[in-house]
Amino acid sequence: MELHVDKVPSGLRVDIDGVAGREQALLERIRACRQGAWACPSGECMNIGTMEEHAQKGRIVLMLAPRPGAQLSATGIEQCLRYTLQATPR
């Protein structure tokens, strides 16, 4: 699995490759983390305002925008996602 987080004008773009057959399970875990149901080390998911998801052929692309008055840290999001995705069965 490869994870890349890049800053874009609206927030962050996250590309997750090499997850064929696990796209939906991973998206469910990311959604749960974002809602505070999953404890990740950085807590950065709580700063996400909106999240657009695209999943197909072993790839997930997330477009993240911050909550009003918040900022998203690429490092914090990467740490949170690595923790969350690592806990997902293969």
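Residues numbered from 1 in each chain as written. Predicted model: local features only at pLDDT ≥ 70, side-chain atom pairs only at ≥ 80, totals over all residues. Heavy atoms only, no water.

Trainee: Mind laying out the nonpolar core, listing which residues take part and the relevant values?
Mentor: Of all hydrophobic cores here, the largest spans 23 residues; its most connected members are Val 14, Ile 16, Leu 62, Leu 64 and Ile 77. Contributions of two or more residues to this core are made by strand 1 (2-8), strand 2 (11-17), helix 1 (23-34), strand 3 (48-56), strand 4 (59-66) and helix 2 (74-86). If one sorts the elements of this core by residue count, helix 2 sits on top with five residues. Look past the residues within four positions of Leu 64 in its chain and what remains in contact with it is Ser 10, Gly 11, Leu 12, Val 14, Ile 48, Thr 50, Met 51, Leu 72 and Ile 77. (Core = buried A, V, L, I, M, F, W, Y, C linked by side-chain atoms within 4.5 Å. Buried < 20%, exposed > 50% of the residue type's maximum accessible area, 1.4 Å probe, protein only. Helix = DSSP H or I, 4+ residues; strand = E, 2+ residues; numbered from the N terminus. Contact = heavy atoms within 4.5 Å.)

Trainee: If you had to explain the environment of Pro 66 to someone new, which residues and values would you point to?
Mentor: Here Pro 66 is to be found in strand 4. C-alpha of Pro 66 to C-alpha of Arg 22: the two residues are 44 residues apart in sequence and 26 Å apart in space. Contacts of Pro 66, omitting those with residues within four sequence positions, involve Ser 10, Gly 11, Asn 47, Ile 48, Gly 49, Gln 71 and Leu 72.

Trainee: Describe the pattern of salt bridges, and please don't skip the residues or the numbers.
Mentor: Counting across every chain of the model gives five salt bridges. Of the charged contacts, one joins Asp 15 and Arg 13 as a salt bridge, the two residues approaching to 2.9 Å between their closest N and O atoms. Owing to a relative accessible area of 7%, Asp 15 belongs among the buried residues under this scheme. Residue Arg 31 is joined to Glu 53 by a salt bridge in which the shortest nitrogen-to-oxygen separation is 2.6 Å. Taken together, the residues span a long stretch of sequence, with Arg 31 in helix 1 and Glu 53 in strand 3 at a distance of 22 residues. The exposure class of Arg 31 is partly exposed, given its relative accessible area of 29%. On the basis of relative accessibility, which here comes to 28%, the residue Glu 53 falls in the partly exposed class. Linked through salt bridges whose partners overlap, the residues forming this network are Arg 13, Asp 15, Asp 17 and Arg 59. (Salt bridge = Lys/Arg side-chain N within 4 Å of Asp/Glu carboxyl O.)

Trainee: Tell me about the pairing of strand 4, and name the residues and values.
Mentor: Alignment of strand 2 against strand 4, held across six bridges, turns out to be antiparallel. Bridging from a neighbouring strand, Arg 13 pairs with Met 63 of strand 4. Linking strand 3 back to strand 4 in an antiparallel pair, the connection comprises two residues, with Lys 57 at a positive phi of about 45°. (Pairing = 2+ DSSP bridges.)

Read these as spatial facts, not as claims about activity.
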